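Below, each chain spelled out in residue letters.
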Amino acid sequence: MEIRTHKLASESLLGKPVKVGPPEAEVVLKTTEEMAVDEYGLVHGGFTFGLADYAAMLAVNEPTVVLGKAEVRFLKPVRAGERLMAKARIREDLGRKKIVEAEVLNEKDEKVFEGTFHCYVLERHVLEKD
């Protein structure tokens, strides 16, 4: 399982890879109180999205992959302290463009998030200068 992209990703913010592609990836994230936005412990959706996005990037697993577009649905709330599992799979391989389906499940195996990620493998790193 060689990780070829997003090598400096924080496990505490984006999750721990347990399967790396292509064509599939799985990432686990233990949510924390620091991710909560209110006294109920509701986790900000950005962390759930980030987890799914990271799984999508690892499904492609190319050093220069970036996200171009995402169509997502948040299906259930996430509480601080819950363990989440993101699963991503390349649905369509169009050369440099990959369409990746991702879902996030909570520890009860309930789907809390789903999305389609349009990933692009660039010729060089997006921040590399001409």
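Here is what the cut-offs are and how they apply
Residues numbered from 1 in each chain as written. Predicted model: local features only at pLDDT ≥ 70, side-chain atom pairs only at ≥ 80, totals over all residues. Heavy atoms only, no water. Helix = DSSP H or I, 4+ residues; strand = E, 2+ residues; numbered from the N terminus. Rg over C-alpha atoms; globule rule 2.2 N^0.38 Å. Buried < 20%, exposed > 50% of the residue type's maximum accessible area, 1.4 Å probe, protein only. Contact = heavy atoms within 4.5 Å. Areas by Shrake-Rupley, 256 points an atom, 1.4 Å probe, with all protein chains shown as cover. Core = buried A, V, L, I, M, F, W, Y, C linked by side-chain atoms within 4.5 Å. Pairing = 2+ DSSP bridges. Axes fitted to C-alpha atoms, helices over the stretch in contact; angles between N-to-C directions. Expected span 1.5 Å × (residues − 1).

1. A look at the overall build of the chain
At step 1: Check the secondary structure of the chain and you find 2 helices and 6 strands.
At step 2: Its helices and strands taken in sequence order, the chain reads α-β-β-α-β-β-β-β from the N to the C terminus.
At step 3: For a compact globule of 130 residues, the expected C-alpha radius of gyration is about 14 Å, and the chain comes in at 14 Å, within 12% of that figure.
At step 4: Counting all 130 residues of the chain, 39% fall into the buried class.
At step 5: Sequence separation of at least 24 residues holds for 62% of the intrachain contacts in the chain that already meet a minimum separation of 6.
At step 6: Summing over all exposed atoms, the chain offers an accessible surface of approximately 7600 Å²; the carbon and sulfur share of this is 50%.

2. Topic: the nonpolar core
At step 1: Leu51, Val60, Val100, Val104, Phe117 and Cys119 are the most contacted members of the largest nonpolar core, which totals 29 residues.
At step 2: Taken together, the elements giving at least two residues each to this core come down to β2 (24–30), α2 (45–60), β4 (83–94), β5 (97–105) and β6 (111–121).
At step 3: Among the elements that make up this core, the one with the highest residue count is α2 (9 residues).
At step 4: The contact partners of Val100, leaving out residues within four places of it in the chain, are Ala56, Ala59, Val60, Ala88, Arg89, Ile90, Arg91, Gly115, Thr116, Phe117 and Cys119.

3. Here's the deal with the pairing of β4
At step 1: Two strands pair when backbone bridges link them, and β2 and β4 are joined in this way by 7 bridges, in the antiparallel orientation. For Leu29, the partnering residue across the bridge sits in β4 and is Leu84.
At step 2: Inspection of the sheet shows β4 paired to β5 by 9 bridges, in the antiparallel sense. When the bridges of β5 are listed, Lys87 appears paired with Glu103.
At step 3: The hairpin turn running from β4 into β5, its antiparallel successor, is 2 residues long, and Gly95 in that turn takes a positive phi close to 80 degrees.

4. Some points on the sheet that holds β2
At step 1: Spatial ordering of the open sheet is given by β1-β2-β4-β5-β6-β3, a layout of 6 strands whose pairing is antiparallel. With partners counted over all chains shown, the strands left at the sheet margins are β1 (16–19) and β3 (65–74), one partner each. In this sheet, adjacent strand axes meet at a mean angle of 25 degrees when their direction is disregarded.
At step 2: Running at roughly 45 degrees to β6, α2 makes contact with β1, β2, β3, β4, β5 and β6 of the sheet.

5. Focus on α2
At step 1: Helix length check: α2, at 16 residues, gives a terminal C-alpha distance of 23 Å against a target of 22 Å (1.5 Å per residue), a fit within 8%.
At step 2: Among the 16 residues of α2, 12 are classified as buried, and the element is accordingly described as predominantly covered.
At step 3: Residues of α2 that are buried: Thr48, Gly50, Leu51, Ala52, Asp53, Tyr54, Ala55, Ala56, Met57, Leu58, Ala59 and Val60.
At step 4: Downstream of α2 by one or two residues, Asn61 has phi in the positive range, about 55 degrees.

6. A word on the pairing of β1
At step 1: Two strands pair when backbone bridges link them, and β1 and β2 are joined in this way by 3 bridges, in the antiparallel orientation. Looking at β2, one finds that Lys19 is bridged to Glu26.
At step 2: In sequence, β1 turns back onto β2 through a hairpin of 4 residues.

Function-wise, these values are silent; they only describe arrangement.
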